[in-house]
Amino acid sequence: MSKLPNVTTSIFTLMSKMATEYNAINLSQGFPNFPVDERLTDIVTRLAKENVHQYTPMAGYPPLMNKIAKLVLNSYNRIINPDTELLVTTGATQGIFTTILALVKENDEVIILDPSYDSYESPVLLCKAKPVRVALNDDYTPNWETIEKACSAKSSMMIINNPHNPTGKILTEPDFVQLKNLLEKYPDIIVLSDEVYEYITFEEKHISAHTKNFLLDRCIMVSSFGKSFHITGWKIGYTIAPEYLMKEIKKVHQFLVFSVNSISQAAISEYLDIVDVNLLGKFYQEKRDYFQQLLQNSRFELKPCEGTYFQVASYASISNDDDVTFCKKLITDHGVAAIPISTFYSDHKDHKLIRFCFAKDNFTLESAAKKICLI
């Protein structure tokens, strides 16, 4: 008997598989296709011949953990204890999975804001807890009144994703005021803040949970070097939490992963000495602006993109097909792969919106745009 009877092949796998079969340009799955920084690959090349190939300590490679603590201090003016409040993880997804397994109990309720990334619900179900899916407003801002109505005495966790995948929306100061008010009414709710695109925001600056004192003793922050440094295949991220929560998270981590890839930890530790994360937003803003410029003569309506490397677009003036069907036809008939937004909702709400990934080299974006503008 399946523990996850409703889980099937992910939409990301499906669309990427179809893209390969039809030789389509893949703007669906969220991975960059441009080269990694040569400074990082040079570090890896040198380290490959050094003694960095055995287990690191369970919580992480100590030099890297100290560098992460420094990064958090420089980025958010927050002091963390790397020995007690930090865990290096095999990607952000493992950090999320491990956190939920460690902290959510049977019959608990977990608030998930839709559209939501598909890795949130499964670990909740494996805990025999209840995912409570609450839709964001149509402009992807949180409806705090609706969110509060979904909370109950059984609510043990709320998952927020900022900057938001798939929509590119970022939370504002008023949102954090509303969150603070809600948490005062529900003191048992802890927050899991997925901030893997934290350094990829544009006109408005990212507001991290790290900067909110009311969250520091009841929030787990999840970050991703894979997203920040264009190395998604390395599967390396980190989780920060107050000591009393981190103790429980580490209990699960040590038997799920034990320790993360040693050479990647050593390489990123050195790389953090020379890379400027504050340049990432400008880099991806240029990508966003160029992609939007390329599509300005298309029939798609491009939605605001405040962060991440995803562009949501409406095809309502083009087709009456549901978004899954439209995305399949986009591949088979036009040679471009995208992701249907309905798959991020529990009720598969269809607003005729799709998601393009613009973390691609200019040639790929130009080639895709030519096809898209002919639709």
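Up top is the structure these notes are about.
Residues numbered from 1 in each chain as written. Predicted model: local features only at pLDDT ≥ 70, side-chain atom pairs only at ≥ 80, totals over all residues. Heavy atoms only, no water.

A.B. asks: Could you give an account of the sheet that holds strand E6 (residues 190-194), naming the residues involved and the relevant values?
C.D. replies: Taken together, the 7 strands give an open sheet; going across it, the order is E2-E8-E7-E6-E5-E3-E4, and neighbouring strands pair in mixed fashion. Of all the strands in the sheet, the pair left with one neighbour each is strand E2 (86-89) and strand E4 (130-135). Averaged over neighbouring strand pairs, the angle between their axes works out to 20 degrees when direction is ignored. With 4 bridges connecting them, E6 and strand E7 (residues 219-224) associate as parallel partners. Each residue of the ladder has a partner; that of Leu192, found in E7, is Ile220. Together, E2, strand E5 (155-161), E6, E7 and strand E8 (237-240) form the strand contacts of helix H4 (residues 91-103), whose direction differs from that of E7 by roughly 160 degrees. Of the strands in this sheet, E2, E6, E7 and E8 touch helix H9 (residues 243-256), which is tilted by about 30 degrees from E2. (Pairing = 2+ DSSP bridges. Helix = DSSP H or I, 4+ residues; strand = E, 2+ residues; numbered from the N terminus. Axes fitted to C-alpha atoms, helices over the stretch in contact; angles between N-to-C directions. Contact = heavy atoms within 4.5 Å.)

A.B. asks: Before we move on, could you go through H4 and cite the residues and values that matter?
C.D. replies: Given 3.6 residues per helical turn, the α-helix brings residues three or four places apart onto the same face. Along its 13 residues, H4 runs 19 Å from first to last C-alpha, staying within 8% of the 18 Å computed at 1.5 Å per residue. For H4, the buried fraction is high: 10 of the 13 residues fall into the buried class. Those residues of H4 not exposed but buried are Gly91, Ala92, Gln94, Gly95, Ile96, Thr98, Thr99, Ile100, Ala102 and Leu103. (Expected span 1.5 Å × (residues − 1). Buried < 20%, exposed > 50% of the residue type's maximum accessible area, 1.4 Å probe, protein only.)

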